[in-house]
Amino acid sequence: MTDTAATTGQNADATGKAAGVTSEMQFHPQPQAGPATPWAFPAPERGALPNGLTVLRCHRPGQQLVAVEIFLAAPLEAEPQNLDGVATIMSRAFTEGTDKHSAEEFAAELERCGATLDAFADHPGVRVSLEVPVSRLPKALGLLADALRAPAFADGEIERLVRNRLDEIPHEAANPSRRAAKQLSKELFPASLRMSRPRQGTEETVKNIDSAAVRAFYEAHVRPATATAVVVGDLDGTDLDAVLADTLGEWTGNTAEPRPMTPITADDTGRVVIVDRPGAVQTQLLIGRIGADRHDRLWPAQVLGTYCLGGTLTSRLDRVLREEKGYTYGVRAFGQVLRSAADGTGAAMLAISGSVDTESTGPALDDLWKVLRTLAAEGLTDAERDVAVQNLVGVAPLKYETASAVAGTLADQVEQQLPDDFQAQLYAKLAQTGTVEATAAVVNAFPVDRLVTVLVGDASQIAEPVRALNIGEVTVVTG
Amino acid sequence: MRTIVDRPTDNADLGPSVAGRGASWAGVPQHVPKKSARNGNFADRRCACIQWQDSTAGLVQYAIEGTYMPMGHTATAQAGSGGLTATEHRLANGLRVILSEDHLTPVAAVCLWYDVGSRHEVKGRTGLAHLFEHLMFQGSAQVHGNGHFELVQGAGGSLNGTTSFERTNYFETMPAHQLELALWLEADRMGSLLTALDDESMENQRDVVKNERRQRYDNVPYGTAFEKLTALMYPEGHPYHHTPIGSMADLDAATLEDARAFFRTYYAPNNAVLSVVGDIDPEQTLAWVEKYFGSIPGHDGKQPPRDGSLPDVIGGELREVVEEEVPARALMAAYRLPSDGTREADAADLALTVLGGGESSRLHNRLVRRDQTAVAAGFGLLRLAGAPSLGWLDVKTSGGVEVPQIEAAVDEELARFAAEGPTDEEMERAQAQLEREWLDRLGTVAGRADELCRYAVLFGDPQLALTAVGRVLEITAEEVQAVAKARLRPDNRAVLVYEPLAAAADADAQEDQQEGADQ
């Protein structure tokens, strides 16, 4: 490669010392990439324990911190009426004592391993995530197995978790982005669908939860036969079969038929709901609807198109809203699977999210709609598509450097009833997706007249400019 | 729990990455943000960043929140350097270079620390270092407009920049075969930023930063708590009295000439450390570094920052009560602690971990489990090299509980801890937790690159990054007790009490009735 001094520096208007500095620097042409090292998303080995527990294992050399992900087929939809939040309380209660340890002892034992253990309930089911140095995997996996096999669900601990959960609710309501998410779900989904209501329950439902309700939910929906464990890390030197047999292998339970899922439907009639926050210095935007999930063959094109629309700072939305107009710190478009199943009953939330200063709310939404209309009218460019593919595919080795990232994706695939090589195939499909397909997918994903817009902000300042945009009927709700 | 190390930093570029969005520290700390963040937003709820936040006792790190910033892992089980090595080099223009090979994954991290942060700012120009960091992404002689972003992302890389009290960092994680591009880009802006810097970028990024401030500080409950605590803790005129985000008035006042002068003063190869970590050929990498950075002239325009030293203890409690629209009462406090880079700082880290790190800590057990007076309670440590470190207590009250009740319990626990010291088991747990957190940081190429720069810039020796875990494991229970006794005292803290406005509290209660909870 020839070194050539660029002249740009000498021509610039920088004065004095700066011009002196640049004139002395020797510039070189932009370097070309070297030969890429092949990288593939790791393929797990699939098996099962005698108790019916499905196990996916994946050896990642050098990953001394092992990640374990457990998926329990205990969906939020299975929560009894008026007990929204029982799956969340159950998840939290897993770490609050077992037949061997009190709640405080359990937390202490876990931290003594240098481990972290987290559990949460979502629409597809409950996920439990453990991370621990491989040397302490047997002990930590023993604690995890105890938590799943014999949770104490002591009255006092459940009462405490319920009170704690009730205390959290006002904090969530006060947070503009959380408040917007709650409102959007309420708007989009029919009241009969569990998805229309907060994942972790409301004050009215959480207060009804007691240890009997938690235990009943556990007994009805938690068993090894409908659970999967994903173990990722440097497993050389660990007899994983023996460790699993001594820990999760001790968990017993009956079998159960797969639970049919209610198909997800949504009302995406174009409209605007303002959640009034008098005096707010910014407006939180959340604009969404539902669309294709990972079982849809359009998924790769939708991922690609959505990235071009709002995946990063140089995508279409931020190019205008941030880098040209300065209305925001950043606006993102994304698709997030809500629940997904092989039978096609699932869906993804497709949304655009960000916050803009109060004064710029009307102009920012106007520009946002213009970006969408222009995209629909003119489509993506080949250059945009190429850069997006290079990014989405190219970052894979960075994204999956750690065991926990790999385990998380493998568990997502299990939870969404996808084949174990889904992610690996996705990269191949992204590379094969053309500009026309990506354009069609993103335009279909974000049609200008089928978007529900939630704005958390000062209604007295923003309602009028937003009405003037004619992007749908505008209503104002409190808080 | 250790870390709020990078809490007071501000990102240039990516805007609201997933980490910053849901799990605001303004929400409920402790384990709650992790769980609720995952469920609460439609963003990538399983970004590894969320793991990171959970390890911070609720004092969420905003700093290193690049899109694909991998957190956690390759931690080696053994203490000490875990087999990691690093070599040091210096170019003729003064640029220090640190290389660390790791061929496990075909990725390479480039990290560049400039020895300038908000502590170097002058009165009337707070926020300038951070605003300037944004301008570093607006193009240079051979890189047009947002080219820095476009080229890195188009090469399959991720990138970001952050500003803290003590430094400004820029980093790219690249597929290994694209390493040279990242070096070329960093060199271009180090040597020629001013040729591209213009009014248009300045005005645009001023607006972006002001919106960043609104989003992360002004428009969230308790959002300005850290700013208030810092202002209490470090007296008027002290270089750490203001936080990196700066004030709206100063952001408005900054001029293009200020930005130019800032670059001329602080952005020089001899005021920077470059680290390259990962699947690299050290000889080739060094040749590239020489090629691209070697001709950038060094200069000595920089003045040392104002002295940040303060007496070991404050000598009397400072206190501010804030009445604001917040969802619950809160007791926060900043304790003056030993500076980073000392055994005492590591001992303080362990003390805060035992007291308020995680779900087996004394404060969690007392306030959340037993008394049930708090929804969350935790301690975090902001390690600072050029001023006393800051131990940050954060308790959000439960239901109608009053702050004095919480405060009495906290004081009792701290006094008991100072009198008795940690138990052997508590030491074991705290050391295991800190060990995992350290190994997490050193286990990814990006984390290691950042830590190598940190120790080189702040302590003059990057090798200290590789032995940090060992130092934490050497600390004795006696040292932990000693630092608690000397520092975790009511006369050595600034207290911030939040009281909700009565009207707001009523309205919130009503709204919850109507709308139910967030999801």
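None of the values given here were measured: they were computed from a predicted structure. Residue positions are counted from 1 within each chain, in the order its sequence is given. For this description, chains carry letters from A and ligands carry numbers from 1, given in the order in which they are written. In keeping with the model being predicted, local features are shown solely for residues with a pLDDT of at least 70 and side-chain atom pairs are shown and tallied solely at 80 or more, while totals for entire chains, interfaces and linings include all residues. Values shown for side chains rest on all heavy atoms present in the structure; no hydrogens or waters enter the calculation.

**Observations regarding the overall build of chain B**
Helix numbers and strand numbers start at the N terminus; a helix is a DSSP run of H or I with at least 4 residues, a strand a run of E with at least 2. If you tally the helices and strands in chain B, you get 20 helices and 12 strands. Here the term buried applies to any residue with accessible area under 20% of the maximum for its type, exposed to any over 50%, and partly exposed to those in between, with areas from a 1.4 Å probe on protein chains only. The buried share of chain B, reckoned over its 519 residues, is 71%. In the form shown here, chain B has an accessible surface area of approximately 13900 Å², with 49% of it arising from carbon and sulfur atoms. Computed with a 1.4 Å probe, the accessible areas rest on the Shrake-Rupley method; for each residue, only the protein chains presented here act as cover.

**Thoughts on the nonpolar core**
Throughout, nonpolar core names a set of buried Ala, Val, Leu, Ile, Met, Phe, Trp, Tyr and Cys residues whose side chains join them through atoms within 4.5 Å. Residues Leu331, Tyr335, Leu367, Phe379, Leu393, Val410 and Leu488 of chain B are the most contacted members of the largest nonpolar core, which totals 66 residues. Boundaries between domains were set according to an automatic or database domain assignment. Looking at this core, you find at least three residues from each of domain 1 (79-293) and domain 2 (318-515) of chain B. With sequence-adjacent residues up to four places away left out, Leu393 of chain B is seen in contact with Leu331, Met332, Ala333, Tyr335, Leu363, Gly378, Phe379 and Val410 of chain B. By size, the runner-up hydrophobic cluster in this structure holds 65 residues, among which are Cys58, Phe71, Leu365 and Leu375 of chain A. In this analysis, two residues are considered to be in contact whenever any of their non-hydrogen atoms come within 4.5 Å of each other.

**Quick notes on the UniProt feature "domain: Peptidase M16 C-terminal" (unreviewed entry) in chain A**
UniProt positions are given in the numbering used here, feature names are shortened, and annotations may be inferred rather than shown by experiment. The sites that carry the UniProt feature "domain: Peptidase M16 C-terminal" (unreviewed entry) are, in the present numbering, residues 209-392 of chain A. Between the end C-alpha atoms of residues 209-392 of chain A there is a gap of 43 Å, over a span that is 35% helix and 25% strand.

**Some thoughts on the domain arrangement of chain B**
Residue and element names in this part refer to chain B. What the domain assignment reports for chain B is domain 1 (79-293) and domain 2 (318-515). Residue-level contacts link 39 residues of domain 1 with 48 residues of domain 2. Of the roughly 3700 Å² buried between domain 1 and domain 2 on both sides combined, carbon and sulfur atoms contribute 71%. By convention in these notes, a salt bridge is any Lys or Arg side-chain nitrogen within 4 Å of a carboxyl oxygen on Asp or Glu. Inspection of the region where domain 1 meets domain 2 yields 1 salt bridge. The salt bridge partner of Asp102 is Arg448, with a shortest N-O separation of 2.9 Å. Distance and chemistry together define a polar contact, namely a pair of N or O atoms within 3.5 Å, with one atom able to donate a hydrogen and the other to accept it when in protein, and with adjacent residues in sequence counting only for side-chain atoms on both sides. There are 12 residue pairs in polar contact (both at pLDDT 80 or more) connecting domain 1 and domain 2. For the side of domain 1 that touches domain 2, the secondary-structure elements that each account for two or more residues are strand S3 (96-101), strand S4 (107-114), strand S6 (168-175), helix H8 (225-233) and strand S7 (272-278). Tallying contributions element by element places H8 first for the side of domain 1 that touches domain 2, with 6 residues. Note: buried area is the sum, over both parts, of the accessible area (probe 1.4 Å) each one loses when the two are combined.

**Focus: the sheet that holds strand S10 (residues 374-382) of chain B**
Residue and element names in this part refer to chain B. Any two strands are treated as partners once DSSP identifies two or more bridges connecting them. The 5 strands are arranged S8-S12-S9-S11-S10 in an open sheet whose pairing can be described as mixed. Two strands bound the open sheet, and with one partner strand each, they are strand S8 (318-324) and S10. The sheet shows a mean angle of 15° between the axes of neighbouring strands, direction not considered. As paired elements, strand S9 (residues 330-337) and strand S11 (residues 389-397) share 8 bridges and run antiparallel to each other. Bridging from a neighbouring strand, Ala330 pairs with Lys396 of S11. Note on method: axes are straight lines fitted to C-alpha atoms, helices fitted across the in-contact stretch only, with angles between N-to-C directions ranging 0 to 180 degrees. Across the sheet, helix H12 (residues 343-356) lies against S9, S10 and S11, angled at about 175° from S10, the strand it touches most.

**With respect to the domain arrangement of chain A**
Frequently, the measure chosen for interface size is the accessible area removed from exposure when the parts meet. Residue and element names in this part refer to chain A. Taken domain by domain, chain A consists of domain 1 (45-250) and domain 2 (271-477). Each of domain 1 and domain 2 has a C-alpha centre, and the two are 29 Å apart. Listed as interface residues are 32 residues of domain 1 and, on the opposing side, 30 residues of domain 2. Both faces combined, the contact of domain 1 with domain 2 buries some 2800 Å², and carbon together with sulfur accounts for 67% of it. On the domain 1 side of the contact with domain 2, Arg127, Leu184 and Glu187 bury the most area, a combined 19% of that side's loss. Linking domain 1 to domain 2 there are 5 salt bridges. In this structure, Asp412 engages Arg127 in a salt bridge whose closest nitrogen and oxygen atoms are separated by 2.9 Å. Summed over the shared surface of domain 1 and domain 2, the number is 9 residue pairs in polar contact (both at pLDDT 80 or more).

**Regarding the pairing of S9 of chain B**
All names here are of chain B. With 8 of 8 residues buried, S9 is to be regarded as a mostly interior element. Burial of S9 is two-sided: the residues Ala330, Met332, Ala334 and Arg336 facing one way and the residues Leu331, Ala333, Tyr335 and Leu337 facing the other way are all buried. The pairing of S9 with strand S12 (residues 493-500) spans 6 bridges and is antiparallel. For Tyr335, the partnering residue across the bridge sits in S12 and is Arg493.

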